[in-house]
Every structure is written in C-alpha cells, then in structure tokens.
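# Notes for the structure review
As a plain string of letters, each chain reads:
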Amino acid sequence: MTEKVTIRCLPTGVPGLDELLGGGIPEYSFNLIAGSPGCGKTTLAHQMMFGLATLERKAIYFTVLGEPPLKMLRYQQQFSFFDFERINASVHFVNMAEEAMSGKFDVVLARIVAEVEASSPALVFVDSFRSVNEAAKDNPKQTSSLQQLVQKLGMRLTGWQTTSFLIGEYSLAESDTNPVFTVADGLLWLTQSVHRNSMVRKLQVMKMRGRAQIPGLHTFRISDEGIRVFPRVILGGGESTDTPPGESRLSMGVPLLDEMLGGGLPSGYSMLIAGPAGSGKTILTTSFLMEGARVGENGVIASFEKRPRQSHSRKLDELVEAGQLAIIDTRALDLSIDETLYELTVQIERLKAKRVVIDSLSGFELALAPTFREDFRESLYRMVSVLTGMGVTVLMTSEMEDRYNDLRFSPYGNAFLTDAIIMLRYVEIGSRLERVMAVVKVRASMHSRELRRFEIDKDGIVIGDAMPGYEGLLSGQPKLQERDSGP
C-alpha cells in the first residue's frame, strides 16, 4: 500500500483567490491563466509571482511576443505589489522573443530548459504562451507539434519541482482542442464584459486537480493594489450561529418601538424599513447600531446614501474609532452583489458583529453595474439568506413612494423576503405634515397594529401616542371619525 501524498498549497498574495482555490495554488502544479486581451492575465501573473517569490523560492518570468520586459515593467510597477528590489534577486525576467520568432517549438523548449537548469527556480511563468503557437504556424519547417511541446514542457517543469504558469489569450472554443487545456493541472479563466458605460471582470477556476475549489464566476476588481477577487458566498457557507433565530430579542434603541415589536426585534431576523424620503429611515438604523454598541453587540453598515453632516453621522464615526462598527466603502462604481456580500462577511467575522444595516436598497441598486441589476431580486434573496444564516440581524431601508392609492413597501417585490416590516408614512393633519409609524409584520410573533405619530429631534426618533379617532390615515388625508350621537 502506497503512502498518501500531501499536496502543499502556496498562498498567492491575491486577496480572495486562495479561498477560491481551496487554500492556495498547489505546489509543483502546471497551470494555465487564460482569457481575452486586457482582462488582467499579466497583472494576475505578476501579483502571484511577487506574492510567491522569495530568495529561497525564486521565479523566472519568460516574455515571448506579447510585450518586451521593459515595457511590461513600466506599467506593472504602478501596482503596490511590485517590488523593484526583488528584480534580479528573487525575480528574473527573460525575453524569448527571438526564440519564439524562429517558429520552432524545439528552440523555445531548449531556451526554457537552459534557463531553468541554470538558476533552479521554484516558479516559472511563460507570457504569452499562445504567441509561441502562433509563430510556429507560419513555419513550414516546424517538425514538433504543440501537443509535444506542452507535454515535454509539463514533464520537465514537474520533474524540476517547479510551480509553473502559462499565460495566453484563448477563447472558450479552444478549450476542447488545444492540448494545453488537457495537460494543465489548474486553469484560471478571466473574462471582462462591457455593458453600456460599465466594465465587469470575472474569474473562474475551471480546473484545479486535487482541490475542492469554489465553482462559478467570481467578480474581481483591478485597483492600485492589483487584483482583488470577491468569491461568491454560497448559501449555508457562512459561519453559522448556535442560537436559533428568534430565541432572543434585540432592542431597536427607540423607546416604545420595542414594545410595538412585541418585545424587540427577534435576533437573526431581517427587517425592512420602508418610507418616503426624510421620514427617518436612516436615523432609525443609526439608533439600532448605537443600541447594539451600548450592549456590546458590534455592527456593520453598508451605506449607499450620502452621509449627512449631523450628530448621528458623528456618533457612527465614534463607533468606528472605538472598533465597534465597520462601514463598508461603497464609493466605487459598478459594484456587484458578490463584492458587497464578501465585504460584509469579512467585516462581520472580523468584528464578530451581530447587527448589519444596508442603507438603502435603492442606492444599492444604483451602485451596481447594469448587468447585475437584472437579477437584483434573486441576488438580494441570496444575500439576506447568507447574512441571517451567519446569525446576524439585518436591517434594510427602502424608499417608498408617496402613493396613497396602494401600499407597496418596496419596488423590488422583496417584502416577502424579510421577517419584519416597519412602515413610515406622512399624513396631513390640521394642515400640517405629520409622521406616522406602524409595525406591519413580525414573523411568528405578536406585535402592535397601531399607527403611532412620531417626531425626530436632536436625540433621534421619539414615538408618541396612537391615533384613535381618525380614519383614512393611510390615504394621506385622514379624517376624524364621526361620533355616534345616538337616537
């Protein structure tokens, strides 16, 4: 009986990628990074190289016909992961343009063999490997085939115990016929799509032998720091809680509101706060987070609205400085649901947060790239399910139009996704605009059905008395009920 071989995984240095790969890139694997021009293949390869290479684990980066090393370095050095001091120390660049232009696979292989045997690197990159094949097509004297080159190269690199990467511009149609796709142990596929004025980049681990990678397409973003991948969070994949939903109650931080909810909001529930502009939705979520901080429950907020310069905003900043609150930076355009959800889960786990706020769904939709707006409702359902599955209590705000001929709590038809709904409305009483509040539902719990007047002062929301004696409050123009004067 043979002894089981343990495959060691190397951290790539690309945020989010190790998670996709099931722990990192397998050592001594033969990999392919493929995709269309401009999708980020070279940037990904360089970031991985600088993340993996050390003085004890050196790297060689072969450039073929794509770009000369000087031109490539001029642009790649703009990224923060680039380290000039490691050039010619732990990282070496070799230009193979002359060998590739010969159109002979054997010449290309011989140069790679000579360089690897001379320096014994642990990491080998060939960019662009597709260029080698294109140059050989025009050479009638070419005797070896691409399949032979790939097989020989793979055997050599594996025998030298190197972790290697071939980079090339390929189309999905070639994946069935090109031998490099068959020989490779791992295949990372990068795509980019332009929809109107937005660009969305995605990465897929199409193959990684011996690893349980996360399937599907995953959004990634290229910034000054390089590439960052946002793995799709799978339902049930988050860190769960031992406390069943609804076992305990959370205070909203607003006097009388807990009483209206039947003792507070059940933990692990999702709540929708619906109301027109200026009705107090954000102030209510702020009170929820501040009350959590007071009782030792950290929070996370993804704010897609402009934060006003007011006392409530300053109080949230104080919670951030105290390490009790994390604010997700949503200033970037063309967001994806997965990117936002990934950021939320990271901050929840970092702070061990119990309370999450998304303010607002309208702003969230506008911040998304157009291609992600098409399935916003389905993605929102998945996001709420993942968050509540982690044991956190989620508050979401939604803009509700001042329409009094029907009652719609959200334009996305997502009211049924939430466990509780609070409605805020404006009504006209005595030629004055008044605010009223009602608890529409709390799943599996008794709650108040009263419409209560409320005010907003410097300390937040103050709930007043119920409004008996009026009819037609939800029409926006209530009237005093006529008293029965008797016979």
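Up top is the structure these notes are about.
Now for a description of the structure that goes with this document. (Residues numbered from 1 in each chain as written. Predicted model: local features only at pLDDT ≥ 70, side-chain atom pairs only at ≥ 80, totals over all residues. Heavy atoms only, no water.)

### Comments concerning the packing of helix α12 (residues 337-351) against helix α15 (residues 376-389)
Stated formally: Fitted lines through C-alpha atoms give the axes, limited to the stretch in contact for helices. The angle between two N-to-C directions lies from 0 to 180 degrees. Think of it this way: any DSSP run of H or I at least four residues long counts as a helix, any run of E at least two long counts as a strand, and we number them from the N terminus. Orientation categories follow fixed angle ranges, with anything under 35 degrees roughly parallel, anything over 145 roughly antiparallel, 65 to 115 roughly perpendicular, and all other angles oblique. Residue contacts are counted whenever heavy atoms from the two residues lie within 4.5 Å of one another. As a working rule, the residues Ala, Val, Leu, Ile, Met, Phe, Trp, Tyr, Cys and Pro are called nonpolar, Asp, Glu, Lys and Arg charged, and the rest polar, with Gly in that last group.
The interhelical angle for the contact between α12 and α15, taken along N-to-C directions, is 10 degrees, at an axis separation of 11 Å. Put simply, α12 runs roughly parallel to α15. Contacts from Ile337, Asp338, Leu341, Leu344, Thr345 and Ile348 of α12 reach α15 at Phe376, Ser379, Arg382, Met383, Val386 and Leu387. Its residues assigned to classes, the contact of α12 with α15 comprises 8 nonpolar, 2 polar and 2 charged.

### Describing the environment of isoleucine 301
Applicable threshold: Three labels apply to residues, based on accessible area from a 1.4 Å probe with only protein chains included: buried if under 20% of the type maximum, exposed if over 50%, partly exposed otherwise in between.
With respect to the helices and strands, isoleucine 301 occurs in strand β15 (residues 299-303). Of the residues examined, isoleucine 301 reaches a relative accessible area of 6% and is grouped as buried. Sequence separation of isoleucine 301 and valine 394 is 93 residues, and the distance between their C-alpha atoms is 9.7 Å. Setting aside residues up to four positions removed in sequence, isoleucine 301 forms contacts with Leu289, Leu325, Ala326, Ile327, Ile328 and Val357.

### Topic: the pattern of salt bridges
For the record, the criterion: Any Lys or Arg side-chain nitrogen located within 4 Å of an Asp or Glu carboxyl oxygen qualifies as a salt bridge.
Within this structure, the stated rule accounts for 16 salt bridges. Where arginine 355 meets glutamate 297, a salt bridge forms, and the shortest distance between an N and an O atom there is 2.9 Å. You can see arginine 355 sitting in strand β17 (residues 355-359) and its partner glutamate 297 sitting in the loop between α10 (281-294) and β15, a full 58 residues away along the chain. Arginine 355 sits in the buried class, given a relative accessible area of 2%. We classify glutamate 297 as partly exposed; its relative accessible area is 22%. A single salt-bridge network, built from bridges that share partners, covers Arg232, Asp338 and Arg382.

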